Each structure stands twice: as structure tokens, then as C-alpha cells.
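Residue-level structure breakdown
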Amino acid sequence: MSEKNTALYIHVPFCIKKCPYCDFYSVATLSLKERFVDALLTEISLREDPQSAIDTIYFGGGTPSLLAPREIESILSRVRDHFNLETDCEITLEVNPGTVGPGYFDEIRRFGVNRLNMGVQSLCDEKLGFMERIHSAETAGQALRSARRAGFDKLGFDLIFGLPGETETSWRKDLDRALEFHPEHLSCYMLTYEPGTPMHNELQAGRISPLDDESAASLFKFTSTYLEANGYLHYEISNFAAGPGHRSRHNRKYWDLVPYLGFGPSAHSFDGSTRSWNHADVRRYGDELEQGVLPVAETETLTREQVLIEMVMLGLRTSGGIDIKAFEKISSQGFMEMFKEVARECAARSWAMIVNHRFILTLEGRLFLDTVTSLFAEKIWNR
Amino acid sequence: MNIKRKNIRNFSIIAHIDHGKSTLSDRLIQLSGIVADRDFKDQILDSMDIERERGITIKSQTVSLPYTAEDGEEYLLNLIDTPGHVDFSYEVSRALASCEGAFLLVDASQGVEAQTLANIYLAMEHDLEIVPVVNKIDLPSAEIDWVKDQIDEDLGLDSETALLVSAKTGEGVASVFEAAVAMVPPPEGDSDAPLKALVFDSHYDPYRGIIVHFRVFEGSVAPGDKITFLSSDAVYKVEEVGLFQIKREPVKRLMAGQVGYMVAGIKMISDIKCGDTVTLAGNPCEGPLAGFRDPNPVVFSSMYPVASDEYPELTEALEKLKLNDASLVYEKDSSAALGFGYRCGFLGLLHLEVVQERLEREYDLSLILTSPSVRYEITRTDGTVEIIDNPSLYPDPGEIETTREPFITASIIVPDRYMGAVMQVCLEHRGVSTNYQYLTSNRIEMKFTLPLAEVVYEFYDRLKSVTQGYGSFDYEIAGYQETDLAKLDFLVNGERVDALSQLVHRDKAVDRARNACKKLREEIPRQMFKIAIQGAIGGKIISRETVSAYRKDVTAKCYGGDISRKRKLLEKQKKGKKRMKMVGSVEIPQSAFLSVLKSSK
Ligand SMILES: Nc1nc2c(ncn2[C@@H]2O[C@H](COP(=O)(O)OP(=O)(O)OP(=O)(O)O)[C@@H](O)[C@H]2O)c(=O)[nH]1
Ligand code: SF4
Ligand SMILES: [Mg+2]
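As the structure is a computational prediction, the values presented were derived from the model and not from experiment.

Considerations on the overall build of chain B
Within chain B one finds 14 helices and 33 strands. Each of the 601 residues in chain B was classed as buried or not, and the buried ones make up 46%. Taking all contacts inside chain B whose residues are at least 6 apart in sequence as the whole, residues at least 24 apart take part in 70%.

See below:
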């Protein structure tokens, strides 16, 4: 199953400083940036696809806003040389508010970036301090204003909640400050302690006492109801859009298992049945590309079972739910026949509903996402 | 090799655990040159994974060593390395039945210990020539004179004849060969008489069928012969006979006095019984050999496959394992919670563990074992007496007049600084101290009478931990004493799980119930609903714990780079799932069933 490429992801593996909760691949030095950009340009050329119909490009990281505007320009022009871009292509750049100087937004906008995802994380200095971010609430505010001034009408914010000791009141204050900027998109992430991160180590060592389950759950529910009351669509577990047209075009492709190409260290690519990923190592990435080799670390071809599991795992995250017809096309077995017990359990707990041939988690059900996913997965394995 | 009967020697190496039997066997094997240096590894006869991991011998192993003695003659020395742990003494007794002699090893630093004595009695029962060997003389802590005194006084052997060796350095090892030639009598028996041979072990080979391990007492056997087994009457044509020389080494014929193996395309497991007599179908011998006495299991537990549809596989695995572990006894059993399974008897807790591990490893099964129980003697009000080892058969308390439980005499040898701690552990387990004696200036032997059931309940672990591994523990069964028993049941969400029931001393019931409920709470993963775990005697609930329902998930991001990783996490859970058992509406992991026996100390 090889469909047309429509999405490109570009991983920029540099940060000013590693945040203690973050498990994305990046290095806290810029010394390899030039080499990286050269290698990236090579990778783009090597993976060229004139048959593509690219309608979204996403610069993620790390901190893509550490790229100079002319670097972004050369990357995008290399992309245009080797891929076919749709006229309304959405080009998103993730921005760390602590990295941008005056004029930055005007320039990148000129080169074609038309959507920004701002790594605000919080507009409360105390929380920013705990997360050891490199910017204050004030700096973030300035960056947001200058982005607007530069004409960006698609702004997304990343916010993190559920820090130790966080209450509904403090979180609501944070949210209210963000809402003052009328972002078109909001990603609200519950703080998670990912193995291997310093924050996880702190937790293990007992130096951090995490928010208890109940409070975390009620913050999650509050976020959803509060933002929906403010006109946002809760369209994925952690994502909210100011209207259907403001949902992240790019990220939705991941959840819908649509093919994408990823460039840069650690970036994943998917062609509908095979997924591969690059070495999470800038040096190795550079070395291999300098020798004209694609820096692929691993490739896996999904079995039918694995495709089904991913459809469930990702579908359950979204407000569109699992597309039952699409699922049955692959499973060649009735959805209800396979999952009647799970569906019954979920219905009994008001965790899910079936609307228009879609199995959709309710807000309550979203609290048990992993549980429901593994119930589905078991049925898939045991069939 | 054509060897005369007078040049054959059959002997076992016996000793207390860890006194160096397998290491001495190593040296003898190396001296004989049957294994190339590059193929050699330490404790080469301990070929099972469990033996190598635990560093102990579980199975007796035979190896036939060619030896040219100082008298210039060629000899064939059949050596059997035996296990030292008390749970495997059935292996020792069967090995001895094929021998004329035994080398009794004594560790020069430890001296005579409980299994030294137990094994010398076994050897005497078989009328064997016993040669004492003081091993580990290289150790700085070796006390050769003290050990020699013990050989004279405690063992009643002549220490003048004792060999002094170090199996580790090889010092004195050659003298073992010479002593075998000089002191162990050659086998008797007439090679021209009708075949009369004893099956002392066997194992299943997927390509060749059952391989029979046997000793020829009279006559001889060669490929092409039609043989029969006296107790099953089955007739087979011999395909191959041979010697054990680490590998199986085919020979033309096995004669009276020899120990070896036989392949005869045997697929019917029920045709082969340990202790059976083999003879020629056309020219049978008169009557069977004495065979072996039945094993005497002391610990009982039921075994169920985690996947109920694996019951036929379990059946087949037990049959095959029984070929290679004659001490295993089992019969059909069933449980409302776990379906069909087997009630098995073991010679001890280590034996139980080994059987479980072998079934899981060698036959790729996933098993649930119920709480081990001892055999209780119950006298009903109507005067009838019965022996019960299965909680599910425990009568209504109203019908019980008296109950008696088995006791053991335990001997614990420790450095004297641990005396207080050991005393404490024994008292906690209803032990009564009977006496103690100093073995050396700081090693002490303490004797206790303890209920066997207490030893089943985590006694070893506690002893090991309070003595930091320096305690040696041995026991013998010491008869029945009256006791006050209660049947402890466990309910999971109101449903009694029969496989968790235990028979316990009434004074301990509340503690046990609390502890078991706590363990179950830790073991049972959260599920859709709250799970109540209760311990009860009769209808009375005496302990309670709750497993709360599924935890709410902390939501995390999931983009292009996260998908594979998240899916793999799910796939990892799947592996864990296989070892879960649905009981009513609750999933109970395999590990929960034995966890109730582990105290939380
Ligand atoms: N120093 C020294 N150590 C020895 C000697 N013989 C054996 N050992 C050590 O004693 C330990 C036990 O040796 P094994 O040969 O496994 O003892 P075993 O009698 O076969 O033990 P089981 O089969 O479990 O009853 C091992 O660590 C050996 O290395 C010896 O002569 N000198
Ligand atoms: S959170 Fe963003 S800025 Fe912080 S280390 Fe991770 S990628 Fe870099
Ligand atoms: Mg051994």
C-alpha cells in the first residue's frame, strides 16, 4: 500500500538547553548546526518525490526557531526543487519564545512559513521556573505579539499542566492568559515523566511528588470543558482548535495513518505499511549523508495486526474515533464481532459511543485511553 | 571394547550437598581422557540448565571411563555422580542399586553432615563397599584429622583407608581410580544366562523415542535382540545399546555387570517403568529383580496450565518428565477456578520448584501451582482415619475428631553468632529446640522439632536471610503429632478461589490470611472494577484487601515519532498477559498463586 506523499516533517535537533522533562532528540550545542543543514539538504534531495502532493510541512525539534531565516529559506527551496507542493501548503515552524529576535517572524513569513507553533508551555513564571524553560512569561508574551504583528494568523500554543501541586485555579489562570492571545490552536499536555529524563530520575529518587491520579484526571476534564466553553474543539486527547479549519493539518496525518516523510536525526517516515526512522544522532546523521547514504536506523513493516492496533491506538485519541469501515476493510472481520465485549464494557461505563460508524471515546473514556487501547489490542491478538 | 567382567567397576560418588562430587567426577573424566580439553567445562555432568544455574546436581549421571591401572590391565569404571540435596535422595538410592561400591566424600572443612549420614545408610542397605574420601584438602580451613575422627566415630568406617584428595587442584585424584580397582568388587553375574537387567532411569528423545538407562545383572543384550519389560509385557527390538561417555557411545553388546543405555524405538511411555526388569522375549529370566521402593512424597501441590486448553500438553509433559524423574507422582485433579490439572507429590520444596521449572522450560508450558500442602492425618468423629493433602478434600470441621500433622527433626548448622537469630526463626515457625552442640569452636549444630508445614512456608528464605547464607539446613521426617488445623479460603470478588485455599494452624490463620491478602493485592493488576480480596475461615471473613479499579491514564503526546514506541509498549504487555488466568471475572497472574506463601518480612 503506497499512497502519495502529502506531508513532510523536518527535525531540527538543537536546543539552547535541555528541558528536564523532554525526551525529544536534541543536543544543547549549536556547533553542528551548519553541518546538519547541509546534511538535511542532501537528505531532502535523496528522498525526492516529484509525484508527491505536499500540503503540509512541519519543522519540529528540538528548537527549529534556532534556524536562521536564510537557512529556512534554503531548506524550503530545496524542498520545492524535489517535491511537488500544493498551493495552499501549510508550513508550520515550532518556536521557542526564548530564541527569537526582532524581525525574525517577518523574515520567515516571507520565505513561506505560514503557521507557528509556539512552545509557550506556561504563562506563569513559577511554572516556567520548575520546567527550567529559557524564557519568562513576559518574553513569551512579546514573542506572541510580534508574531501577530508579522501577520501570522495561525498561531498554536503548547501548554503543559499537571505539575506537582497544580490546582484548577492556577491552571485556569494560566489558560486565561493564553486565551487573551486568541490562539487558533492549543496543545495542552499533561506533564509526563518519561524514562531517561532528569525529571523522571527526580521522581524515582522521591524528590518530586507527582500530582495524584484523581487531581490529574479532574484537571484533564476541566481543560476540556473550559476550552470547549471558550469555543475550542477538543479534537485529540491533547489538542484543541478554534474551529474545524484550525485543526493541525500535519498532525492529523499521523493519527489517520497517512504516509509522511521525516527528515533529520530521529525523524520517522511512514509509507502506509512500512515505518523507518533515522539515527537519533546528529553526527552519525551527518556522516552517513556525507557519504551519500540515507541515515536510516531501523525499518519495520507492519503486520496486519500491527496496522489494526495502530488504527485503534491512534483513532481512540481523536474526536473522530476509530473509523469502523476503514478498520473492517483491513481486518476483514466485523468490528462488533471482534470487540463486542469491549464495546459493552465501555458503553456500561459511558466511556465510548458509536456515531456514524465511528467508535469514539467520551471525555470520561479519554481518561482511560491506555486501558481501552489495551483491551482492544488483546482482542486483536487473540482473534 | 571387549572388557572382562572382572575388569568392570560400578560405583557412585555420594556426599552431602556441595562436598564436591561433581567436581571430583570432572577430574576423573579428565584423567580418563574421554573428553577433549576444548570441550570440557566445569561440572560437566550437570548438564541441565537448572543444575548449572543453581550450581547443584539434580539428576544422577552415569559415565563410563576406560582406565589402565597400575597392574597394567584395562578397566571400565562406571561412575555415577549423584545429587547431595535431600530432595533428590531418590536419585541416589536408584543409582546405588546399580553399583557394587560407593565413594563417600566428606568436605574437609565441613565434616560429616546430615546427608553424609543419610547416604551412608543408603549405601549400607545396598551392601556396597564404601570408600571414604576426604575432599577439599587444599582449603586453608581443612581439618583433616577432625574429619578422620568423624569417619571413624560417626560413620563407623576405617579412616586408615580414607583417600585424601582435592577435586579442585587434582591432588590425590588418581588414587580414586586405583581404589576403585582395588576396593570395589567386580560385578557378579553370568553373561551366558538369560538377560536380566534393571531399568534405573530413562529419558525421552524426540528422534529416537525413549532411551532406557539400565544395568545388566545377568546375560547380555545386543542390537537385534527382542526384549520385553516384565511389568508391561511390551516387546521391542533393540536398535542400539551403548555406554554413557558424556555423549552416548554405541557398543556391540552390553554384558552382565555393565551399565548403559538402550534404544528400541519405544514411543509408548506407559511401557517403561523405572525399576522394571528387562529380559529377552524369547528367553526370559526367572522372575523380576527387586526394583525400587516407591518414592515417598512429602509436599503436595496441584498444577494447572495457565491456558486451560493446554491440559493435554501438560499430561504429555508430565508423562515424559516422569520418565526422567521417577520420584514425581501425580494424579488427576480439578478445580472450579482453574479447570483440569494434576495433584502432584514432591520430595520437598526444591523438588517442586525443579519440576515446575523443567515443565516450563523443557515443555514450554506456563503453569499455576497451588499452595503446597503436607499430608495431614484426620480422624473423623465416626472413628475413620484418612490422610489428606489437598485442602479441597478437607472435611467439614464438625466431622473432625482430631487432626495430626507431620513433624520433622531439623538440623541447622551455623556459625554460633547466628544462634539467637536462628532460634527466633524456629520459634516463629512453631519449632521446639531439642538440643545443640558445638562442632568446632564456633560452628554449632542446632536441632529442632518443627512442623513440616512450617518449612513449606518460607522457612528456608527466612533462615537464609537471618544467617546471611551461612546456615545449612537438613531434616528428616519425625512422625505425626496432634495439631489444630483450620482451612483458610480466599475469595476474590466474593467468589471462593479453591486453588488458593490452604490448611493452616489455627494460631497462624489470621496472620497468614492478612499476609496472603496483602500479597494478592500486590500481585493482581488493576482491572475495570474494584476487586475485593478476602480471607475466610468457614463463613467468617478474617482479612480483607481491595485492588482499586483501573488507574486513570496520564495523557501524553503521540506524534509521528511516538507511534512505533507506543505500539511496542502494548506488545510488551501482551507477553505478560499470557501468564494470567481468568478466575470468574478477574484476571489473576500466575505468580499470585505461590505469592501467598511468601511472607512480607
Ligand atoms: N577448594 C575446593 N573447592 C572444591 C573442591 N571440590 C569442590 N569444590 C567446590 O565446592 C563447590 C561444590 O562443588 P560440587 O562439585 O558442585 O559439589 P557437589 O557435591 O556435586 O554438590 P551437589 O551436586 O549440589 O550435591 C564448588 O564451588 C566447587 O568448586 C576442592 O577440592 N577444593
Ligand atoms: S522541550 Fe523543546 S526546548 Fe526543551 S529540550 Fe525539548 S525540544 Fe528542546
Ligand atoms: Mg554435584
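There is more to say, and it comes next.
Some words on the overall build of chain A
Of regular secondary structure, chain A possesses 15 helices and 15 strands. Taking all 383 residues of chain A together, 46% fall into the buried category. Contacts in chain A between residues at least 24 apart in sequence constitute 70% of all its contacts with a sequence separation of at least 6.

Here we look at the confidence of the model for chain B
Mean pLDDT over chain B: 91, with 98% of residues reaching 70 or higher. Scoring the predicted complex yields pTM 0.69 and, for the interface, ipTM 0.92.

Focus: the interface of chain B and chain A
Contacts between chain B and chain A engage 21 residues on the former and 36 residues on the latter. Classifying every residue of the side of chain B that touches chain A gives eight nonpolar, five polar and eight charged.

Looking at the nonpolar core
Grouped together as the largest cluster of nonpolar side chains are 160 residues, with contacts concentrated most on Ala102, Leu104, Val133 and Val176 of chain B. Residues in contact with Ala102 of chain B, not counting those within four places in the same chain, are Phe11, Ser12, Ile14, Leu96, Ala123, Leu128 and Ile130 of chain B. Judged by nonpolar contacts, the second largest core, of 109 residues, contains Phe14, Leu66, Phe105 and Phe130 of chain A.

Thoughts on helix H3 (residues 89-96) of chain B
Summarising burial for H3 of chain B: eight of the eight residues are buried, a large majority. Considered for burial, the residues of H3 of chain B that qualify are Ser89, Tyr90, Glu91, Val92, Ser93, Arg94, Ala95 and Leu96 of chain B.

Things to note about the site of ligand 1
Residue and element names in this part refer to chain B. If you check the shell around ligand 1, you find 21 residues, and the closest are Gly20, Ser22, Ile56, Thr57 and Gly84. For the shell around ligand 1, the element with the most residues is helix H1 (residues 21-32), which contributes three residues. Looking at side-chain class alone, the shell around ligand 1 contains six nonpolar, ten polar and five charged residues.

Some details on the sheet that holds strand S15 (residues 358-361) of chain A
All names here are of chain A. Strand order across the open sheet formed by three strands is S13-S15-S14, with antiparallel pairing between neighbours. Looking at the sheet topology across the chains shown, the edges are occupied by strand S13 (322-323) and strand S14 (352-355). Note that S14 and S15 share four bridges and pair antiparallel. Following the sheet pairing, Val355 is matched in S15 by Arg358.

Brief notes about the site of ligand 2
Looking at ligand 2, the residues that line it are Cys15, Lys18, Cys19, Cys22, Phe24, Ser26, Gly61, Gly62, Thr63, Asn96 and Gly119 of chain A. A class-by-class count of the residues in the shell around ligand 2 yields four nonpolar, six polar and one charged.

Overview of the packing of helix H1 (residues 33-46) of chain A against helix H10 (residues 282-290) of chain A
Residue and element names in this part refer to chain A. Relative to each other, H1 and H10 sit at 50 degrees, their axes nearing to 9 Å. With respect to each other, H1 and H10 are oriented oblique. The two elements H1 and H10 cross, and the hand of that crossing is left-handed. Residues Arg35, Phe36, Ala39, Thr42 and Glu43 of H1 form the contact with H10, whose participating residues are Val282, Tyr285, Gly286, Leu289 and Glu290.

Regarding the packing of helix H9 (residues 419-428) of chain B against helix H11 (residues 459-466) of chain B
Residue and element names in this part refer to chain B. Interaxial distance between H9 and H11 falls to 9 Å at its minimum, and their mutual angle equals 165 degrees. Taken together, H9 and H11 sit at an angle that is classed as roughly antiparallel. The two elements H9 and H11 meet at a crossing, and its hand is right-handed. Each of Ala421, Val422 and Val425 in H9 lies in contact with H11, whose residues at this interface are Arg462, Leu463 and Val466.

Describing the sheet that holds strand S20 (residues 367-369) of chain B
Residues and elements named next belong to chain B. Here four strands make up an open sheet; going across it, the order is S18-S19-S17-S20 and the pairing antiparallel. The open sheet has two edge strands, strand S18 (329-335) and S20, and neither has a second partner. Direction aside, the axes of adjacent strands within the sheet are offset by 30 degrees on average. Bridge count between S18 and strand S19 (residues 339-346): seven bridges; the pairing is antiparallel.

Observations concerning the environment of Glu129 of chain B
Residue and element names in this part refer to chain B. By the element assignment, Glu129 lies in strand S5 (residues 129-135). Glu129 sits 29 residues away from Glu100 along the chain, and the two C-alpha atoms are 6.4 Å apart. Once you skip the residues sitting within four places of it in the chain, Glu129 turns out to touch Glu100, Gly101, Met183, Val184 and Pro185.

Here's the deal with helix H6 (residues 168-179) of chain A
Residue and element names in this part refer to chain A. The end-to-end C-alpha distance of H6, which contains twelve residues, comes to 16 Å, matching closely the 16 Å that a straight helix rising 1.5 Å per residue would cover. Along H6, the residues that are buried comprise Trp171, Asp174, Leu175 and Ala178. For H6, the buried positions fall inside an angular range of 95 degrees around the axis, keeping them on one side. Opposite the buried face of H6, at more than 90 degrees from it, the exposed residues are Thr169 and Asp176. Summarising the contacts, the buried residues of H6 are in contact with strand S4 (115-121), helix H4 (125-130), strand S5 (155-161), strand S6 (185-190) and helix H8 (213-229).

Cut-offs applied
- Residues numbered from 1 in each chain as written.
- Chains lettered and ligands numbered in written order.
- Predicted model: local features only at pLDDT ≥ 70, side-chain atom pairs only at ≥ 80, totals over all residues.
- Helix = DSSP H or I, 4+ residues; strand = E, 2+ residues; numbered from the N terminus.
- Buried ≥ 20, exposed ≤ 12 C-beta atoms within 10 Å, placed from the backbone.
- Contact = placed C-beta atoms within 7 Å.
- pLDDT = per-residue confidence, 0-100.
- Nonpolar A, V, L, I, M, F, W, Y, C, P; charged D, E, K, R; others polar.
- Core = buried A, V, L, I, M, F, W, Y, C linked by C-beta atoms within 7 Å.
- Near = placed C-beta within 6 Å.
- Pairing = 2+ DSSP bridges.
- Axes fitted to C-alpha atoms, helices over the stretch in contact; angles between N-to-C directions.
- Parallel < 35°, antiparallel > 145°, perpendicular 65-115°, else oblique.
- Left-handed = near helix turned anticlockwise from the far one by under 90°.
- Expected span 1.5 Å × (residues − 1).
- Arc of directions from axis to C-beta.

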